[in-house]
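# Summary of structural features
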Amino acid sequence: MKKHVGRTIFICLALFFMYAPILILAVYSFTNATNIGAIRGFSLHNYVTLFTTPELADMIWGSLLLAISSAVMATILGTMGAIGSFYSKSKMQAAYSTVNQIPVVNADVVTGFSMCILLVIVLGISKDTYVPLVIGHVVLSAPFVYLSVIPKLKQMDPSLYEAAMDLGASPAYALRKVVIPQIASGILSGFAMAVTLSLDDYFIATYTKPATFDTISTYVVNATKGSQTQIKTALWALSTIIFLIVLVIVAGMNLAANKKEKEQLTDWNAAIGHDGKDGVRA
């Protein structure tokens, strides 16, 4: 009983410290307050500023375009790497897993600085081309896509691919029609993670972005150092919108996963002749 109470208190405290700052920021985004601490009244001024300021609109759309494009490439590379690792020998699987862990645990500042040295200084690629920035975000996100797809592959029957090949399917057809549908939820989770990482990244973007371009993270850091109060408070509204979008996406993915699991359970019960209530049918 004491362990149960202690566990509940710990979980509640953890949730409080994770979500209370976000909720406070969301509340203040609907006020006229210029600083956290004094609420002057309800207002949508911050949201109006967010959507009517050209500078903010360009920054948001540019960040979204970067996040989606880099996430697509990272998802393709991470999925291909996960599938290749899964169907490799055990020693190669261990090697792939170890190599994939390095960028995951490595500090972003090290990754960003090294990408700048390799792409800009050594290879001579101009940052104005956006190529170093996109490559940097792909390198950041692809390992996390790999980690999202691998568990789904391990849950899948490894003989399905070989069975499709034995029945006359080409490797590409078997991969597209048999393997990909089995791991689709992992691929989607990896893509969502890649988009979030790109929007959240600061260090890699700082070292690789063009001087005239700002992502959400770099813009927020620079704006908080300035004196434009309207821009600062408009960023409260932006943070609230991002949180709500992520919340809706996560909830939708969980509901879809639960629905699919229930459908699979229903199909399994029907296959074995179990109606779920009266036992096994005669």
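See the structure shown above.
Each value, and the rule that gives it
Residues numbered from 1 in each chain as written. Predicted model: local features only at pLDDT ≥ 70, side-chain atom pairs only at ≥ 80, totals over all residues. Heavy atoms only, no water. Core = buried A, V, L, I, M, F, W, Y, C linked by side-chain atoms within 4.5 Å. Buried < 20%, exposed > 50% of the residue type's maximum accessible area, 1.4 Å probe, protein only. Helix = DSSP H or I, 4+ residues; strand = E, 2+ residues; numbered from the N terminus. Contact = heavy atoms within 4.5 Å. Expected span 1.5 Å × (residues − 1). Salt bridge = Lys/Arg side-chain N within 4 Å of Asp/Glu carboxyl O.

Attention shifts here to the nonpolar core. General note: in soluble globular proteins, nonpolar side chains tend to be found buried as a group. The biggest cluster of nonpolar side chains holds 20 residues, and the ones touching the most others in it are A82, V149, L153, V179 and I183. Elements that contribute at least two residues to this core include exactly α3 (54-86), α6 (131-155), α7 (159-166), α8 (171-182) and α9 (184-200). Ignoring sequence-local partners within four residues, the contact set of A82 consists of Y146, V149, I150 and L153. Counting 13 residues, the second-largest nonpolar core is a separate cluster that includes Y47, L50, L56 and I216.

Attention now moves to α9. Between its terminal C-alpha atoms α9 stretches 24 Å, which fits the 24 Å expected from 17 residues at 1.5 Å a residue. Those residues of α9 that sit buried are G186, I187, G190, A194, V195, L197 and S198. Elements in contact with the buried residues of α9: α3, α6 and α8.

This paragraph deals with the pattern of salt bridges. All chains considered together, the criterion is met by one salt bridge. As a salt-bridge pair, K209 and D214 come within 3.6 Å of each other at their nearest N and O atoms. Judged by its relative accessible area of 13%, K209 falls in the buried class. By relative accessible area, D214 is classed as partly exposed at 22%.

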